[in-house]
Amino acid sequence: MTLFSILQEIRGPGLTTAEKREVHAKNPKHMMRKKYLQRHLWFTCCLLTIGTLCCLIYNQRQSLSENVPLTFVATARTPSYQTKTHHRYTKTTSHSWENKETRGIEEITYIDAENERELKRRLPNALVIGIRKGGTRAVLDFLSRHPGVKVCPREVHFFDRRENYVLGLEWYREQMPPSLPNQITIEKTPAYFVTDDAPELVFNMSSSIKLLVVVRDPTVRAISDYAQLLEKSNGTLRPFEDYVTENSQHRILRKSTPLITTGIYVDHLKRWLRYFPLEQIHFINGEELVKNPVNEMQIAENFLNLKPFIDDDLFYYNETKGFLCLVSANKKEKEGVHTGCLSESKGRPHPPVNEDVVTLLRDFYRPLNEDFYQVVGRSFGKVKDVVVDVVVVVHYDDVDDDDNDEEEEDEDIALIVYEQQTNSDDDDDDDDDDDDS
C-alpha cells in the first residue's frame, strides 16, 4: 500500500460531516482502521525525520573532518614536534631520521579526529633520577628535541617529597605533558637517586620504567654543588674547604655532609638495584656529555628504544661558554643566530679550592668509584685527569683552632642553604642540573 493510497483512505470520499458520522456509526471497523492508519502514518513520519537528522549530522561531521588542511610545513629543528601535539607521523611519511640528507623541511600529515583522542597525559616511561650537578638538565633538553619524546618541563619531586607523593599518581600524571601512544614521557628530578624511599615508590608505580643517571667525577660534582650554593647566597658562605672537612687544617673529611655523600654513587645505586635490574638503568658519562654529547645521547636513544635522531647537526660550539650547545629550535631565529644554550647560570666558574683538600677528596672517592665501576661494569675515566682540568687549586693559610665554634655555626647555616636549594620549587628547572665546566 502506497503512502498516497493511505492518505486517500484516511481522507475518505467527499462527504459532509453528518454523512461521515452516519457512515462511522454504521461501520465501526472502518473507524478503527482509519485511526490505525493515522497512527501508522505519524510513526512513519517520525522515523523519516529522525533518519534525515542523523544523515545531516553525519554529513556535517564528515565535511568538517575533510576541510582540515592536510599538511603543514615544519623543520626538523623546530619545536613543532612538541608544541603541535595534535600531530603525528603516518606510515607513509618520510621520517627525517630515516634519511639524513632530506633533513630540513618535511611534510607531516595531520592525524584524524578519532586518533586525536589518544593525545593525553600519561605516567612517565622513563625517569632521569640523577645526579645533582651532573648535567641532567642538558640531557633533558637534548632528548626534548626528539620527535618521539615528551619531557616534563619541571622537576616534580614526586618520589622524594612526601607532601607531593600523598597527592597520588593521578596528580603526578597531571603534571606530565600530553603525549601520543607512540611517544615516551620523561620526567627529571635528580633528588630521586639519593632518596632512600624513592626506588620502592618508583617500582610501585612501574616495574618496567627505564632510569637514566648522569654521573660525573664526584669531586668536581661537590665543588660544582658548592659553586651554585655560593652564588645563591651572594657570596656569604665560607670557603668550600670548611664545609667538607672537620678541622681548620682541612685534613679530615666531613663525610656526613650532603656535598660528599651525594657523590658516593655505589651506595645509592645498590638501593635501586634492590628493585630494578641493571639493564633498566643507563649511566651517562657527565664529562663525555660536555665534550661529545652526540655519542652519549645516541647511546641513550638506543637505551630508550628511540629511532636515531640526534646527530652533529643539532649542536654548535659556543666559544663564550666553551662547550657544545644546541642549535636554536626556533625557526624564526635569523640564520646564524644560536640561542640553544642552557641558561647563564650553566657553566659557572668554580671557586678556587685548596689542592690538599682536592687530594683528600680524590683519595676518599677513589675506592668508592672503583666499587661503582665494578657494579656497573663500566669505567668512567680517571678521576685525577678530570679534576686537574676543571678545578683551579690554590693554598690557603691554616686557620687557628679557635675558629672551630664559628665553623660549626656556619656549617649549620650552609646545610640549611643546601636543604633549601635542593627543595626549592622555584629553582627546580635551573639549579639541580647543569654542565659546569
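Reading guide: rules and limits
Residues numbered from 1 in each chain as written. Predicted model: local features only at pLDDT ≥ 70, side-chain atom pairs only at ≥ 80, totals over all residues. Heavy atoms only, no water. Helix = DSSP H or I, 4+ residues; strand = E, 2+ residues; numbered from the N terminus. Buried < 20%, exposed > 50% of the residue type's maximum accessible area, 1.4 Å probe, protein only. Contact = heavy atoms within 4.5 Å. Areas by Shrake-Rupley, 256 points an atom, 1.4 Å probe, with all protein chains shown as cover. Phe/Tyr/Trp six-rings, centres within 6.5 Å; stacked < 30°, edge-to-face > 60°. Lys NZ or Arg CZ within 6 Å of the ring centre and 35° of its normal. UniProt positions renumbered as here; feature names shortened; annotations may be inferred. pLDDT = per-residue confidence, 0-100. Pairing = 2+ DSSP bridges. Axes fitted to C-alpha atoms, helices over the stretch in contact; angles between N-to-C directions. Core = buried A, V, L, I, M, F, W, Y, C linked by side-chain atoms within 4.5 Å. Parallel < 35°, antiparallel > 145°, perpendicular 65-115°, else oblique.

- Under an unreviewed UniProt entry, the name given to the protein chain is Sulfotransferase domain-containing protein, and the organism recorded is Porites lobata.

**What about the overall build of the protein chain?**
Moving on, step 1. Secondary structure assignment for the protein chain yields 19 helices and 13 strands.
Moving on, step 2. Across the 437 residues in the protein chain, those meeting the buried criterion constitute 47%.
Moving on, step 3. Excluding contacts between residues fewer than 6 apart, the proportion of contacts in the protein chain whose partners are at least 24 apart in sequence is 76%.
Moving on, step 4. Total accessible area on the protein chain stands at roughly 23500 Å², and carbon and sulfur atoms take up 52% of it.

**Examining the packing of aromatic side chains**
Moving on, step 1. Evaluated as defined, the whole model comprises 19 aromatic pairs.
Moving on, step 2. Measuring from ring centre to ring centre gives 4.4 Å for Phe158 and Tyr172, while their planes differ by 5°; the resulting arrangement is stacked. Placement of Phe158 in the loop between β5 (149-151) and α7 (162-165) and of Tyr172 in helix α8 (residues 169-174) is noted, with a sequence separation of 14 residues between them.
Moving on, step 3. Owing to a relative accessible area of 1%, Phe158 belongs among the buried residues under this scheme.
Moving on, step 4. Judged by its relative accessible area of 0%, Tyr172 falls in the buried class.
Moving on, step 5. Ring centres of Phe372 and Tyr373 lie 6.3 Å apart, and the angle between their planes is 55°; on these two criteria the pair is classed as tilted.
Moving on, step 6. Given a relative accessible area of 13%, Tyr373 falls into the buried group.
Moving on, step 7. Three or more aromatic residues link up through ring pairs in this structure, and these residues are Phe158, Phe159, Tyr165, Trp171, Tyr172 and Tyr192.
Moving on, step 8. Here the guanidinium or amino end of Lys210 rests over the ring plane of Phe303, the centre of that ring lying 5.1 Å away.

**A few points about the UniProt feature "transmembrane region" (unreviewed entry) in the protein chain**
Moving on, step 1. The positions that UniProt labels "transmembrane region" (unreviewed entry) are, in the present scheme, residues 41-59.
Moving on, step 2. Between the C-alpha atoms that bound residues 41-59 the distance is 27 Å, and the span itself is 100% helix and 0% strand.

**Things to note about the confidence of the model for the protein chain**
Moving on, step 1. On average, residues of the protein chain carry a pLDDT of 74, and 63% of them reach 70 or more.
Moving on, step 2. Predicted confidence is poor over residues 331-339, with pLDDT under 50, and the contacts of this stretch with residues over four places away or in other chains come to eleven contacts.
Moving on, step 3. Low confidence marks residues 433-437, where pLDDT is under 50. Its contacts with residues over four positions away, or in another chain, come to 39 contacts.

**Some thoughts on the sheet that holds strand β8 (residues 210-215)**
Moving on, step 1. Taken together, five strands build an open sheet; the order of strands is β5-β7-β4-β8-β9 and the sheet is parallel. In this open sheet, the two edge strands, each paired with only one partner strand, are β5 and β9 (281-285). Looking at each pair of strands side by side, their axes are set apart by 25° on average, direction ignored.
Moving on, step 2. Taken together, the five bridges between β8 and β9 define a ladder with parallel strand orientation. The residue bridging Val215 from the neighbouring strand is Asn285, located in β9.
Moving on, step 3. Against the sheet, helix α6 (residues 136-144) makes contact with β4 (126-130), β5, β7 (184-188), β8 and β9, and its axis sits at roughly 160° relative to β7, the strand it touches most.

**Overview of the pairing of β4**
Moving on, step 1. The element β4 is largely enclosed, with a buried count of five among its five residues.
Moving on, step 2. Here three bridges tie β4 to β7, and the two strands are oriented parallel to one another. Considered in β7, the bridge of Val128 is made with Lys188.
Moving on, step 3. Judged from the four bridges that link them, β4 and β8 form a sheet pairing that is parallel. Its bridge partner lying in β8, Val128 is registered against Leu212.

**Topic: the nonpolar core**
Moving on, step 1. With 48 residues, the main nonpolar core has Phe159, Trp272 and Phe372 as its most contacted residues.
Moving on, step 2. Broken down by element, the residue count for this core peaks at eight residues, all from helix α16 (residues 355-376).
Moving on, step 3. Excluding its chain neighbours within four sequence positions, the residues that come into contact with Trp272 are Ile129, Tyr192, Phe193, Ala198, Pro199, Val202, Leu211 and Ile281.
Moving on, step 4. Core analysis: the next-biggest nonpolar cluster, separate from the first, contains 26 residues, Leu143, Leu212, Leu304 and Leu314 among them.

**Focus: the packing of helix α13 (residues 265-273) against α16**
When two helices pack together, their arrangement is given by the angle between the helix axes and the distance between those axes.
Moving on, step 1. Two numbers describe how α13 lies on α16: the axes approach to 8 Å, and their chain directions differ by 30°. With respect to α16, the axis of α13 lies roughly parallel. Residue-level inspection shows Tyr265, Val266, Leu269 and Leu273 of α13 in contact with α16, the latter providing Leu368, Asp371, Phe372, Val375 and Val376.

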